[in-house]
Amino acid sequence: MQERLKIKNLSKNFVLHTQNGAILNILNNVSLEVRDGEIVALCGPSGVGKSSLLKAVFGTYRISQGDLVINCGAKEIHLAKASPAEIIELRKHTIGYVSQFLRVIPRVPTIEIVANAAIEAGASSQQATEKAVALLEQLRIPKKLHTLSPLTFSGGEQQRVNIARAMSAPRPIMLFDEPTASLDPENKTTVLTMIAGLKKSGTAILGIFHDRNDREFLNAREVEMEKYKEPENA
Amino acid sequence: MKMNPGIPLLKVENLHKAFGKTKACHDISFELWPGEVLGIVGESGSGKSTLLRLIAGLLEPDKGTISYQQNSKLITLTDLDEPALRHLQRTEWGFVHQHPSDGLRMNVSAGANIGERLMANNWRHYGNIREKAQHWLKAVEIDPARIDDLPRTFSGGMQQRLQIARNLVTNPNLVFLDEPTGGLDVSVQAKLLDLLRGLVSNLGLSAIMVTHDLAVARLLSTRLIVMKQGEIIEHGLTDQVLEDPQAAYSQLLVSSVLQV
């Protein structure tokens, strides 16, 4: 299978100007690849840089050193040098990111939030809405909640809305930050089955899955992040 | 209006403006692409509103050029004569002022406020203008029965929404927003954000928004420019600037936001 994402000797530092210029070296020489139809799970204790690596791949964290090469089919994009327009284009067609938290405009109904993701990717409004309803039902969001803003929902419901949004228009590369963290066992199985379905259809997946059983269920290749941490006395 | 997605909608190059010894805008350059919402953030007095007024042709720059896409070509605004610029401002652009009283005519009815731009666009039939005005009142969630009332009798939030309706009635390509949610209580802010988001995605309009509210910037803008003392000190995608700010001042700005 084809390499979709190549991370080469990537480092990320934060320079905290407001705190006497303290430098935090959060990722050190990370190298890894993700192929089509493969799930790579980032492992290690909190603070080891797992979420930061996902943010670097999505383009939110600017890369300090090294490179990140994304294969978009027709061409390769080097993320360290990509322009904002190129990153916007990548997010529209190539990379999807499911964060742990739902960030939406107040008052917008759940169904619209989920459908809009597909509309942005080019689906018609009717197709997108039908798919959104199906996904929300599959994820057990009660019908009477579909027309309400998800901001008043429980943590687990919000997480499922976030997943429905990602699933309504999956990209060839998907990043998942603890997608099952606040879910009950039944919903957890549903979400894991959806992610396994993406894998089967050839999606390259990079994610954080805390539970070992989840990683086994997904047949994920584990990458230990501890080795990319800054040495204690550096 | 057909847009060429391959060239910017607006291009600002080396713009300068001083008031006496104060540099309000110093060597400002950036591009706005079709369909984009660009946020300009920074503390009061950083030159954000001056920049917006320069681009919108409400102030004349000391130096620099501003180009705008028309019929798939970039035209230089600084070369346009006064009537041509006015025509552009009334047809293809909108300007939403921070204080509704600066953007509305307070002594004529709500309907007339919306109708004025239509008339500038050669609408003549009274019935059609009234119908369109009612449609837009509904779109900004103002009871159409209030069409003959003066804006003065409206609440601040309603006035702000009326100002938006007045500006958008001619389907502009580019809207300038100066602190559009400033001074409104939060429930009205949410309503306005939802409204603006819908208009941007449904009408395909582009916008430049000055705001000091980073949460508003986060929800509406694609890209952000951070200004300090008349200069751009940082720019990037909204999530980059807010989650990984590079300049000392941007870091201070982001870290100073109170958590709810």
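Criteria and thresholds
- Residues numbered from 1 in each chain as written.
- Chains lettered and ligands numbered in written order.
- Predicted model: local features only at pLDDT ≥ 70, side-chain atom pairs only at ≥ 80, totals over all residues.
- Heavy atoms only, no water.
- Helix = DSSP H or I, 4+ residues; strand = E, 2+ residues; numbered from the N terminus.
- Buried < 20%, exposed > 50% of the residue type's maximum accessible area, 1.4 Å probe, protein only.
- Lys, Arg positive; Asp, Glu negative; His and termini not counted.
- Salt bridge = Lys/Arg side-chain N within 4 Å of Asp/Glu carboxyl O.
- Polar contact = N/O pair within 3.5 Å; in protein donor to acceptor, adjacent residues only side chain to side chain.
- Contact = heavy atoms within 4.5 Å.
- Axes fitted to C-alpha atoms, helices over the stretch in contact; angles between N-to-C directions.
- Parallel < 35°, antiparallel > 145°, perpendicular 65-115°, else oblique.
- Nonpolar A, V, L, I, M, F, W, Y, C, P; charged D, E, K, R; others polar.
- Expected span 1.5 Å × (residues − 1).
- Arc of directions from axis to C-beta.
- Buried area = accessible area lost by both parts, 1.4 Å probe.
- Domains from an automatic or database assignment.
- Pairing = 2+ DSSP bridges.

Enquirer: Explain the side chain of Asp67 of chain A here, please?
Expert: Residue and element names in this part refer to chain A. Positionally, Asp67 belongs in strand S4 (residues 65-71). Lys81 provides the closest opposite charge to the buried, unpaired Asp67, separated from it by 5.3 Å. A distance of 2.6 Å separates the side chain of Asp67 from the side chain of His78, its partner in a polar contact. The residues touching Asp67, leaving out its near neighbours within four places in the chain, are Lys6, Ile7, Lys8, Leu10, His78, Leu79 and Ala80.

Enquirer: Which parts of the structure should I look at to understand the packing of helix H4 (residues 110-120) of chain B against helix H6 (residues 156-168) of chain B?
Expert: For any two helices packed against each other, one specifies the crossing angle of their axes together with the interaxial distance. Residue and element names in this part refer to chain B. In contact at an axis separation of 7 Å, H4 and H6 are set at 25° when each is read in the N-to-C sense. In terms of their interaxial angle, H4 and H6 are classed as roughly parallel. Residues Ala110, Asn113, Ile114, Glu116 and Arg117 of H4 pack against Leu162, Ala165, Arg166 and Asn167 of H6. The residue makeup of the contact of H4 with H6, split by class, is 4 nonpolar, 2 polar and 3 charged.

Enquirer: How should I be thinking about the pattern of salt bridges in this particular structure?
Expert: Any two side chains of opposite charge can pair, given that their charged atoms come close. Tallied over the full model, the rule gives 27 salt bridges over all chains. With a shortest N-O distance of 3.9 Å, Lys6 of chain A and Glu3 of chain A are connected by a salt bridge. Its relative accessible area of 24% is what places Lys6 of chain A among the partly exposed residues. Taking relative accessible area as the criterion, Glu3 of chain A reaches 25% and is therefore assigned partly exposed. Of the charged contacts in the structure, one is a salt bridge between Arg166 of chain B and Glu116 of chain B, with a shortest N-O distance of 2.7 Å. Here the residue Arg166 of chain B occupies a position in helix H6, and Glu116 of chain B occupies one in helix H4, the gap between them amounting to 50 residues. For Arg166 of chain B, a relative accessible area of 14% corresponds to the buried category. One salt-bridge network, in which partners are shared between bridges, spans Arg107 and Glu112 of chain A together with Glu141, Asp194 and Arg197 of chain B.

Enquirer: How should I be thinking about helix H5 (residues 126-139) of chain B in this particular structure?
Expert: For an α-helix, the turn length of 3.6 residues means that residues three or four places apart are oriented alike. Residues and elements named next belong to chain B. If you check H5, its first and last C-alpha atoms are 20 Å apart, about what 14 residues at 1.5 Å a residue would give, namely 20 Å. Within the span of H5, buried status applies to Ile129, Ala133, Trp136 and Leu137. Buried residues of H5, seen end-on, are gathered within an arc of 105° and therefore sit on one face of the element. Exposed and oriented more than 90 degrees from the buried face of H5 are Glu131 and Lys138. Turning to H5, the residues buried within the fold contact H4, H6 and helix H7 (186-203).

Enquirer: Hey, could you run me through the interface of chain B and chain A in this one?
Expert: How big an interface is tends to be stated in terms of the accessible area lost upon association of its parts. Facing the 27 residues of chain B at the interface are 24 residues of chain A. When the two sides are added together, the surface that chain B and chain A hide from each other amounts to roughly 2,100 Å², 53% of it contributed by carbon and sulfur. Linking chain B with chain A are 7 salt bridges, by the criterion used here. For the salt bridge of Asp239 of chain B with Arg91 of chain A, the shortest nitrogen-to-oxygen distance reads 2.8 Å. Top element by residues in the side of chain B that touches chain A is H7 of chain B. It accounts for 5 residues.

Enquirer: Would you mind going over the environment of Val241 of chain B with me for this structure?
Expert: In this structure, Val241 of chain B sits in helix H9 (residues 238-243). C-alpha separation for the pair Val241 of chain B and Val254 of chain B, spaced 13 residues apart in sequence, amounts to 8.7 Å. Among residues more than four places away in sequence, those in contact with Val241 of chain B are Arg62 of chain A together with Leu224, Val226, Glu234, His235, Gly236 and Val254 of chain B.

Enquirer: Can you walk me through the domain arrangement of chain B in this structure?
Expert: Residues and elements named next belong to chain B. Each assigned domain of chain B is listed with its residue range as follows: domain 1 (1-92 + 173-260) and domain 2 (106-171). Computed over C-alpha atoms, the centres of domain 1 and domain 2 are 25 Å apart. If you look at the interface, domain 1 gives 16 residues, while domain 2 gives 15 residues. Interface of domain 1 and domain 2: buried area, both sides summed, is about 1,300 Å²; carbon and sulfur atoms make up 65% of it. Run the count over domain 1 and domain 2 and you get 5 residue pairs in polar contact (both at pLDDT 80 or more). Those elements that place two or more of their residues in the side of domain 1 that touches domain 2 are helix H2 (82-91) and H7. No other element matches the 7 residues that H7 contributes to the side of domain 1 that touches domain 2. Residue composition of the side of domain 1 that touches domain 2, grouped by class: 10 nonpolar, 3 polar and 3 charged.

Enquirer: What am I meant to see in the sheet that holds strand S4 (residues 63-70) of chain B here?
Expert: In sheet architecture, strand pairing relies on hydrogen bonds along the backbone and comes in two forms, parallel and antiparallel. Residue and element names in this part refer to chain B. Strand order across the open sheet formed by 4 strands is S2-S1-S4-S5, with antiparallel pairing between neighbours. In this open sheet, the two strands that pair with only one neighbour each are strand S2 (22-32) and strand S5 (73-76). This sheet shows a mean twist of 25° between the axes of neighbouring strands, independent of strand direction. Judged from the 5 bridges that link them, strand S1 (residues 10-19) and S4 form a sheet pairing that is antiparallel.

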